[in-house]
Amino acid sequence: MMDKYTLKSALACKSHASLEEWIHGFLQGEGNNIELSDGLKKEKRIYTGPVYSPIESLTRVCGPEEGMLYYEPKENFDDRVEILVDLYKHGWDMPPLIVNDLREEYIINDGSHRVEALRKMDIKEVPCIMWKTSKD
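Conventions we followed
- Residues numbered from 1 in each chain as written.
- Predicted model: local features only at pLDDT ≥ 70, side-chain atom pairs only at ≥ 80, totals over all residues.
- Heavy atoms only, no water.
- Pairing = 2+ DSSP bridges.
- Helix = DSSP H or I, 4+ residues; strand = E, 2+ residues; numbered from the N terminus.
- Salt bridge = Lys/Arg side-chain N within 4 Å of Asp/Glu carboxyl O.

**Details of the pairing of strand β6 (residues 106-110)**
Phase 1 of the analysis: Here 3 bridges tie strand β2 (residues 58-60) to β6, and the two strands are oriented parallel to one another. Bridge pairing links T59 to I107 in β6.
Phase 2 of the analysis: Where strand β5 (residues 97-101) lies against β6, 4 bridges are found, and the strand directions are antiparallel. Its bridge partner lying in β6, V99 is registered against I108.
Phase 3 of the analysis: Following β5, the chain reverses through 4 residues before pairing antiparallel with β6; R103 in that reversal takes a positive phi of roughly 70°.

**Some remarks on the pattern of salt bridges**
Phase 1 of the analysis: Taken as a whole and judged by the stated rule, the model has 9 salt bridges.
Phase 2 of the analysis: Measuring nitrogen to oxygen at the nearest pair gives 3.9 Å for the salt bridge that ties R45 to E43.
Phase 3 of the analysis: A salt bridge links R80 to E72; the nearest nitrogen and oxygen atoms lie 3.7 Å apart.
Phase 4 of the analysis: When salt bridges with common partners are traced through the structure, they connect R60, E65, E116 and R119 into a single cluster.

What follows is the structure, encoded as structure tokens:
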């Protein structure tokens, strides 16, 4: 994994008003989520963070469970989670999740595998970049 897109680098961007640039660089590169990057660019967004959020307050929309917006077969999902658990145990500075703040619900737009890796290790909080539309 590259060192460019880490929690540390996201925190540094926060102080230099370049968090949005970090988000799109991550999503279009190692985050491999160009669709989310393109969607976020469709209107003005307000980004906050990274901040730590309780894992239990976050809603995944990607995974092997029935009814997931972005379904992924269980074996594929579990394999990716195991790789992330191993990386984390070896000192990986995990990039923050990207989460849509809908006030009543916090939707993980990018980071479902990361949050499940942390949950598996019984970690209770996760760094997140929260976003909402400028209308909110």
